[in-house]
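Spelled out from the first residue to the last, the chains are:
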Amino acid sequence: MSSRRSRSRPSGSSRITDDQILDLVTKLQQLLPEIGNRRSDKVSAAKVLQETCNYIRSLHREVEDLSERLSELLATADTAQAAIIRNLLMQ
């Protein structure tokens, strides 16, 4: 018996098919700045998932850095400026 998933859905099951996985990996690849523009190069699903994890980690670091910078800005701004910034962020 093969360890590969069936290309069709078993009746009564909500399992995802290989074709659906390939479609999702392709869509995910298109979102990644490092490999998203490589139309001609074949990139493995494992590479796409690895790059996705790396990209998400980098986005988390960027959010943390920006949050820290914003906190520092709010701490050094006078009360009126800080209120304006807070109001802009809440919109």
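None of these values were measured; they are calculated from a predicted model.

## Points about the overall build of the protein
- Looking only at helices and strands, the protein has three helices and zero strands in total.
- Put simply, the protein has 91 residues, and 16% of those count as buried.
- Nonlocal contacts in the protein, meaning residues at least 24 apart in sequence, comprise 4% of its contacts between residues at least 6 apart.
- Of the roughly 7,800 Å² of accessible surface on the protein, 53% is carried by carbon and sulfur atoms.

## Comments concerning the UniProt feature "coiled-coil region" (unreviewed entry) in the protein
- With numbering matched to this structure, UniProt assigns "coiled-coil region" (unreviewed entry) to residues 56–83.
- Overall, residues 56–83 shows 93% helix and 0% strand. The separation of its end C-alpha atoms is 31 Å.

## Brief notes about the packing of helix α2 (residues 45–76) against helix α3 (residues 79–90)
- Look at α2 against α3: their axes get within 8 Å of each other, and the N-to-C directions meet at 145 degrees. On α3, the residues touching L70, L73 and L74 of α2 are A82, I85, R86 and L89.

## A look at the pattern of salt bridges
- As enumerated under the stated definition, the model contains two salt bridges in all.
- A salt bridge links D23 to K27, with the shortest nitrogen-to-oxygen separation between them at 3.3 Å. Of this pair, D23 and K27 both sit in helix α1 (residues 18–31), four residues apart, which is roughly one turn of that helix.
- For D23, a relative accessible area of 37% corresponds to the partly exposed category.
- In this structure K27 comes out as partly exposed when scored by relative accessible area, which is 46%.

## Quick look at α1
- Taking 1.5 Å per residue as the helical rise, α1 with its 14 residues ought to reach 20 Å, and the 20 Å between its terminal C-alpha atoms agrees with that figure.
- Inspection of α1 places D18, V25 and Q29 among the buried residues, and these make up the whole buried set. Each buried residue of α1 sits inside an arc of 40 degrees when the element is viewed along its axis, so together they form one side.

## Structural notes on a negative patch on the surface
- Judged by side-chain charge, E62, E64, D65, E68 and E72 come together as a negatively charged surface patch.
- With respect to the helices and strands, E72 occurs in helix α2.
- The partly exposed category is assigned to E72, whose relative accessible area is 46%.

## Details of the environment of T76
- Summarising the element assignment, T76 is placed in helix α2.
- Looking at T76, its side chain comes within polar contact range of the main-chain oxygen of L73, at 3.1 Å.

Reading guide: rules and limits
- Position numbers for residues count from 1 along each chain, tracking the sequence in the order it is written.
- In keeping with the model being predicted, local features are shown solely for residues with a pLDDT of at least 70 and side-chain atom pairs are shown and tallied solely at 80 or more, while totals for entire chains, interfaces and linings include all residues.
- Values reported for side chains reflect all heavy atoms of the structure, with hydrogen atoms and water molecules removed beforehand.
- Numbering of helices and strands runs from the N terminus, with a helix taken as a DSSP run of H or I at least four residues long and a strand as a DSSP run of E at least two residues long.
- Only protein chains enter the accessibility calculation, which uses a 1.4 Å probe. A residue is then buried if its area is under 20% of the maximum for its type, exposed if over 50%, and partly exposed in between.
- Throughout, a residue-residue contact means that at least one pair of heavy atoms, one from each residue, lies within 4.5 Å.
- Computed by Shrake-Rupley with a 1.4 Å probe, the accessible areas treat only the displayed protein chains as cover when residues are assessed.
- UniProt positions are given in the numbering used here, feature names are shortened, and annotations may be inferred rather than shown by experiment.
- Axis definition: a line fitted to C-alpha atoms, over the contacting stretch in the case of helices. Angles run 0 to 180 degrees between N-to-C directions.
- Salt bridge criterion: a side-chain nitrogen from Lys or Arg within 4 Å of a carboxyl oxygen from Asp or Glu.
- Multiplying 1.5 Å by the residue count of a helix minus one yields the expected span of that helix.
- Our arc is simply the arc of the directions from the helix axis toward the C-beta atoms.
- Residues with no salt bridge and a relative accessible area higher than 30% make up the patches, which join like charges within 9 Å and nonpolar side chains (Val, Leu, Ile, Met, Phe, Trp, Tyr) within 5 Å.
- A positive count includes Lys and Arg, and a negative count includes Asp and Glu. His and the chain ends are not counted in either.
- Charge coordinates come from a single atom per side chain, which is NZ of Lys, CZ of Arg, CG of Asp or CD of Glu.
- Pairing of N or O atoms within 3.5 Å defines a polar contact, subject to two protein rules: one partner must be a possible hydrogen donor and the other a possible acceptor, and residues neighboring in sequence count only if both atoms are side-chain atoms.

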